[in-house]
Amino acid sequence: PMTTIGTFGRIMWSMTMDADNQHLIAAISASGGYLAKIDLATATVTTITQVASPFFVVLNQDGDYLVGTLGKNLVKVKRDGSAVTTILTGQPQVTIPLRERGSGDWILYNNSGQLLRYTHDWSSVLATISHGSSPVYEMIQDAQRPDVYLAARDLARYDPRTNAVSILASIHPGILGD
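Here we summarise the structure given alongside this text. (Residues numbered from 1 in each chain as written. Predicted model: local features only at pLDDT ≥ 70, side-chain atom pairs only at ≥ 80, totals over all residues. Heavy atoms only, no water.)

**Section: the overall build of the protein**
At step 1: Scanning the protein for helices and strands turns up zero helices and 16 strands.
At step 2: Expressed as a percentage of the 178 residues in the protein, the buried residues total 46%.
At step 3: Considering only contacts in the protein between residues 6 or more positions apart, those separated by 24 or more positions represent 30%.
At step 4: If you sum the accessible surface of the protein, you get close to 8900 Å²; carbon and sulfur atoms cover 50% of it. (Helix = DSSP H or I, 4+ residues; strand = E, 2+ residues; numbered from the N terminus. Buried < 20%, exposed > 50% of the residue type's maximum accessible area, 1.4 Å probe, protein only. Contact = heavy atoms within 4.5 Å. Areas by Shrake-Rupley, 256 points an atom, 1.4 Å probe, with all protein chains shown as cover.)

Written out as C-alpha cells, the structure reads:
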C-alpha cells in the first residue's frame, strides 16, 4: 500500500538523498519556494529554508545543498539551513549541477546548449562544451565509468576525459520531457 507522507502545495521539482541517508531533501515551488527535509522513518516533513523558485537540488562535497533555480541562479544552502550563498547568477535558464566523481569538478547545464565544467570550488570554468541535445532535463553519472548521461531530446553521453558529447539515441520529442 502507498502512504502519503506530506502535501507540498504545488510542485516538488527535484529531490536528493541527504548525506545521512535517512532523509530526502526536496525542492518545493509552493509558497515562493523552499527546501524540505523528509524523514523516511517517521514521515515528518520540515522546512530547511526558503529558496526562491528552486528547481534542482544536489549534495555538494561538504554535505550542503546546491540548488538550481528558475530565477537563473545557482545557490548553496548550508545543510542546517543557516545560510544561503549565491554561487552563480544570470545563467540562461535552469541550472542543473552534477559533481564528476573522478576529478571533483562540477558539470553545469544551464539551457544554453552547453555544458560548463567548473573547478571543484566553482572558482573558474575549465571547459565549455557545446552539444546539440538541448534542453537537458537530467544528468547522471555512470556508476562504473566516468561518463555522464544527459536526458534531453536525445539521449547523450558526455565524456569528461575528452570533453566531448555524443548522441547515443534519438528520442521522440515528449518522451523525456520536450
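**Observations concerning the sheet that holds strand β9 (residues 96–99)**
At step 1: Strand order in this open sheet of four strands is β9-β10-β11-β12, and the pairing throughout is antiparallel. Taken across any chain shown, the strands that pair with only one partner, and hence form the sheet edges, are β9 and β12 (125–130). Across the sheet, the mean angle separating the axes of adjacent strands is 20° when strand polarity is ignored. (Pairing = 2+ DSSP bridges. Axes fitted to C-alpha atoms, helices over the stretch in contact; angles between N-to-C directions.)

**Considering the sheet that holds strand β6 (residues 65–69)**
At step 1: Taking strand neighbours across the sheet as the criterion, the four strands line up as β5-β6-β7-β8 in an open arrangement whose pairing is antiparallel. Both edges of this open sheet fall to β5 (54–59) and β8 (84–88), since each of them pairs with a single strand only. Ignoring strand direction, the axes of neighbouring strands in this sheet form an average angle of 30°.
At step 2: Two elements, β6 and strand β7 (residues 74–77), share four bridges in a ladder whose sense is antiparallel.

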